[in-house]
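# Residue-level structure breakdown
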Amino acid sequence: MTKKAVLQLGALTCPSCMQKIENAVKNHDGVENVKVLFNASKVKADFNDEQTSAEALADVVTKLGYTVEKVKVKA
């Protein structure tokens, strides 16, 4: 089933950070769509919850060196 995750990040400082995060999340198994909102410091992603989880997506971002402050999931 497809769910939507919203990850609230610590402040993003440059557009290349945004691109780096977007590419990493997009290439994670189960991710169907991803958009990083630079000014809001958020990642919005649609994912298949049978293949991954919002927490796993947060882990991808954290491993890149960025802070995930909050994770929300919508059905």
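For the structure itself, consult the block above.
## Some details on the sheet that holds strand E1 (residues 2-9)
Ordered by their spatial adjacency, four strands build an open sheet running E2-E3-E1-E4, and the pairing between neighbours is antiparallel. At either margin of the open sheet sits one strand with a lone partner, and together these are strand E2 (31-37) and strand E4 (68-74). Neighbour to neighbour, the strand axes of the sheet diverge by 15° on average, direction disregarded. Here E1 runs beside E4; their pairing, made up of six bridges, is antiparallel. Within E4, the residue paired with Gln8 across the bridge is Lys70. Against the sheet, helix H1 (residues 15-26) makes contact with E1, E2 and strand E3 (42-48), and its axis sits at roughly 165° relative to E2, the strand it touches most. With respect to the sheet, helix H2 (residues 54-63) is in contact with E1, E2, E3 and E4, its orientation differing from that of E1 by roughly 35°.

Definitions and limits used
- Residues numbered from 1 in each chain as written.
- Predicted model: local features only at pLDDT ≥ 70, side-chain atom pairs only at ≥ 80, totals over all residues.
- Heavy atoms only, no water.
- Pairing = 2+ DSSP bridges.
- Helix = DSSP H or I, 4+ residues; strand = E, 2+ residues; numbered from the N terminus.
- Axes fitted to C-alpha atoms, helices over the stretch in contact; angles between N-to-C directions.
- Contact = heavy atoms within 4.5 Å.

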